[in-house]
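Summary of structural features
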Amino acid sequence: MTNLTSTLRLQHLFISNLLEAAQWIGVEKVEAQRKLRAAKIHLLAHFKLEDTLLYPVLFEAAEKNTELKYTLQFLEKDMAGVSKEVMSFFEQFHLSGTQHHTTQDIGNILFLLQTRIRREEDTLFAEFDKLKAAARTIVAVQIPDSRSSILASSHSIHPM
């Protein structure tokens, strides 16, 4: 697992925990409302991190990998719909507070989000980690044996 996917997984867990806590507490309670606001803030930051560091790498790799390209196209449509619905929930909550939302609404959003999370982690994170591992391998192969390089350079600097 790369540092990025580890971080994203932890963020997924944190956001899910905030939503589960709000659902458990009850949407009409002030503490639940705080947790929902925090979930929105963390979710927006999470999306930004994915959009700047995860997806560009995957889309670039998809130019050379047809299977990944199709996977991204399929998941992109699904995730766009989920993101729109989740953000709509948060916007409505922000504008109207608890008047139009129930604990069941939080449960529905949580289900959508956790489904998206599973798809990302199982498919896209695994692919991202493979790409990063392959890139590290390429770099490692290109680095010459440091001991041989040091010995070779030391012989040229200090003649015997």
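Attention shifts here to the pattern of salt bridges. Summed over the entire model, instances satisfying the criterion amount to 9 salt bridges. One continuous salt-bridge network, built from bridges that share partners, spans E31, R34 and K35.

Turning our attention to the packing of aromatic side chains. This model, assessed by the stated rule, comprises 2 aromatic pairs. Look at Y55 and F59: their rings are 6.3 Å apart centre to centre, the planes differ by 40°, and that puts the pair in the tilted class. Here Y55 and its partner F59 are both found in helix α2 (residues 30-62), 4 residues apart, which amounts to about one turn of the helix. Classification of Y55 by relative accessible area gives buried; the value is 11%. Between F89 and F90, the aromatic rings sit 5.3 Å apart at their centres with planes inclined by 70°, giving edge-to-face as the arrangement.

Let us look at the side chain of D129. Inspection of the secondary structure assignment puts D129 in helix α4 (residues 103-142). It turns out D129 is buried and unbridged, and the closest side chain with the opposite charge, R9, is 4.7 Å from it. In contact with D129, not counting residues within four places along its chain, are M1, T2 and T5.

This brings us to the nonpolar core. Judged by nonpolar contacts, the single largest core of 21 residues is most densely connected at L19, L36, L43, V86, F90 and L113. The set of elements that each furnish at least two residues to this core consists of α1 (3-25), α2, α3 (66-96) and α4. Here this core gets 6 residues from one element, more than from any other, and that element is α3.

Residue position: E121 is located in helix α4. A residue is classified by how much of its surface remains accessible, and E121, at 17% relative accessible area, is buried. For E121, the side chain forms a polar contact with the side chain of R9, separated by 3.5 Å. Within polar-contact distance, the side chain of E121 engages the side chain of H12 at 2.8 Å. When sequence neighbours within four positions are dropped, the list of residues in contact with E121 reads R9, H12 and A126.

Its 23 residues give α1 an end-to-end C-alpha distance of 33 Å, which sits within 8% of 33 Å, the value for a rise of 1.5 Å per residue. Every buried residue of α1 is accounted for by L4, T5, L8, H12, I15, S16, L18, L19 and A22. Of the residues flanking the end of α1, it is G26, one or two places downstream, whose phi is positive at about 110°.

Okay, the environment of T2 next. Residue placement: T2 occurs in the segment before α1. Along the sequence, T2 and A126 sit 124 residues apart, while their C-alpha atoms lie 9.6 Å from each other.

Moving on to the environment of H42. Checked against the element boundaries, H42 lands in helix α2. Residue classification places H42 among the partly exposed residues on the basis of a relative accessible area of 35%. For the pair H42 and L18, spaced 24 residues apart in sequence, the C-alpha separation works out to 9.7 Å. Setting aside residues no more than four positions away along its own chain, H42 makes contact with F14, I15 and L18.

Cut-off values and rules
- Residues numbered from 1 in each chain as written.
- Predicted model: local features only at pLDDT ≥ 70, side-chain atom pairs only at ≥ 80, totals over all residues.
- Heavy atoms only, no water.
- Salt bridge = Lys/Arg side-chain N within 4 Å of Asp/Glu carboxyl O.
- Phe/Tyr/Trp six-rings, centres within 6.5 Å; stacked < 30°, edge-to-face > 60°.
- Helix = DSSP H or I, 4+ residues; strand = E, 2+ residues; numbered from the N terminus.
- Buried < 20%, exposed > 50% of the residue type's maximum accessible area, 1.4 Å probe, protein only.
- Lys, Arg positive; Asp, Glu negative; His and termini not counted.
- Contact = heavy atoms within 4.5 Å.
- Core = buried A, V, L, I, M, F, W, Y, C linked by side-chain atoms within 4.5 Å.
- Polar contact = N/O pair within 3.5 Å; in protein donor to acceptor, adjacent residues only side chain to side chain.
- Expected span 1.5 Å × (residues − 1).

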